[in-house]
Amino acid sequence: MSDFSSVPDNWTSKKLAEVVNPHRRITYGIVQPGPRFTPELGVPMIRGQDYSGGEVRVDDLYYVSPRLAASFDRASVRGGDILLSIVGYVGLVAEVPEILSGANLTQTTARIAIQEELHSRFFLHFFRSKAFHSEVKKYMKGSAQPGLNLADVEKMKVIFPERREEQAAISKILDTLDTAIQETEAIIAKLKAVKQGLLHDLLTRGIDANGELRPPQSEAPNLYKPSPLGWIPKEWDIATLEAVSSTVTSGSRDWARFYAESGALFVRIGNLTREHINFRFDSTIYVCPPHNADGQRTRLEPGDILISITADLGIVGVVPDGMGEAYINQHIALVRPNIGAVNPRFVGHYLASPVAQAYISKLNDAGAKAGLNLPTIRGLLTARPEHTEQNLIAERLDEIDNRIQNATRESAKLRDLKFGLMDDLLIGRVRVTPLLQEAQQA
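Undergrad: When you look at the packing of helix α5 (residues 164–204) against helix α10 (residues 387–425) in this model, what are you seeing that I'm missing?
TA: Any two packed helices are characterised by the angle at which their axes cross and by the distance between the axes. Viewed as axis vectors pointing N to C, α5 and α10 meet at an angle of 165 degrees, and their least axial separation amounts to 9 Å. The orientation of α5 with respect to α10, classified from their angle, is roughly antiparallel. Between α5 and α10 lies a crossing of left-handed hand. For the contact of α5 with α10, a count of residues per class yields 23 nonpolar, three polar and 10 charged.

Right under this line is the structure:
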């Protein structure tokens, strides 16, 4: 629960009703939207789903009749107003973009119009803080459909610096981090789009002797041949996993009794990801496995290919160098390729590609529980170019994977930094006063 009894020097604590524009009190919007109008004829109405991601999306707004919107003119919004969800996912907030000035709201959202002499974006950040979320929980009612009433919203406490300059300085720091996060995520989205194009081109056209992509089959049909996996370059073969591997098996059951505080890594389906063929260890489990043959049967080696065979089928990972001692459970198949026959990372990328995934999706075992058995895994097909071409393709796909992972780690670091700073800055634990003094002196 929030506790604003101790307020930093030169800060103040007030009820939310005391910081809003007295001519635009806290209110909710339209109760019954009525028929949907076209954008040309209607007035936009912002719903909770339109800002569930923290920003108001304008691509699929609901438009209501101008007459209905006029009858709820008291809830009309302006750019910079803050939206607070008061029903369902209670406590979500967003800022109204300028383009939606004049729009209205549904009854599940409260409009908060901060006084002009205060810095509105400071309060936007404050409403996203742990301190304010505790305040929301204090007043939230109901369980099946949790909600807030406006009287309680007005009573919620907020704390803030008395000087607008300090409010603005805090907001600027957090806005800068938000911008950096958004830019990093835009880079990630772009890299993922590039990767999808590379996957299609490299794994259907390959790389010719000059190090260039072959022309598409539609432009140079003489360079391709049909296969069970579609058109492939004439120089490529198709092989089953069994034909290019020394081992195809799955993990043992009952590993829970071998869980430990430290020891060998235990790789589960949750450690595999469809975004790339490397691993994530954000939920690491350790095991001390038995030393009998069954316990050691699935001790992983670099280059092993792992494939999920239950639940979310066909997720692929390739064991990297230096991972150390590790094991798998019965939900994952282990394929140990013959290094002389194939590059494991090429095969991993191929099995994770849309072409192979479409093939895998058709191979579910019959029955109520979806799954892949070991005979099916052994019979999975992979393309097999010459070894040199496999290496080149794997290197290019690994490079884009590494760039995606580095950008993802950078985004996570920025988010951690922001959340840590939010807690400190928005309750005055860390002050920006020295920065303001330096700026004034400069």
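Undergrad: Help me understand unusual backbone geometry, please; the structure alone is not making it clear to me.
TA: The phi dihedral of D254 falls on the positive side, at around 60 degrees, and the residue is not glycine. Tracing the chain through its elements places D254 in the loop between β13 (245–250) and β14 (259–260). The phi dihedral of A311 falls on the positive side, at around 55 degrees, and the residue is not glycine. Within the secondary structure, A311 is located in the loop between β17 (305–308) and β18 (316–318). On the basis of relative accessibility, which here comes to 65%, the residue A311 falls in the exposed class.

Undergrad: Just checking my understanding: could you explain the environment of E116 for this structure?
TA: With respect to the secondary-structure elements, E116 resides in the loop between β8 (109–112) and α2 (120–127). Placed 287 residues apart in sequence, E116 and R403 show a C-alpha to C-alpha distance of 44 Å.

Undergrad: It is not clear to me how the sheet that holds β8 should be interpreted in this structure. Could you clarify?
TA: Note on sheets: strands pair through backbone hydrogen bonds, and any given pair is parallel or antiparallel. Taken together, the four strands give an open sheet; going across it, the order is β2-β8-β5-β6, and neighbouring strands pair in antiparallel fashion. Looking at the sheet topology across the chains shown, the edges are occupied by β2 (27–28) and β6 (93–95). Bridge count for β2 against β8 is two bridges, and the pairing is antiparallel. Among the inter-strand pairings, T27 is bridged to a residue of β8, identified as R111. Strands β5 (82–85), β6 and β8 of the sheet are contacted by α2, whose axis makes an angle of about 160 degrees with β6.

Conventions and cut-offs
Residues numbered from 1 in each chain as written. Predicted model: local features only at pLDDT ≥ 70, side-chain atom pairs only at ≥ 80, totals over all residues. Heavy atoms only, no water. Axes fitted to C-alpha atoms, helices over the stretch in contact; angles between N-to-C directions. Helix = DSSP H or I, 4+ residues; strand = E, 2+ residues; numbered from the N terminus. Parallel < 35°, antiparallel > 145°, perpendicular 65-115°, else oblique. Left-handed = near helix turned anticlockwise from the far one by under 90°. Nonpolar A, V, L, I, M, F, W, Y, C, P; charged D, E, K, R; others polar. Buried < 20%, exposed > 50% of the residue type's maximum accessible area, 1.4 Å probe, protein only. Pairing = 2+ DSSP bridges. Contact = heavy atoms within 4.5 Å.

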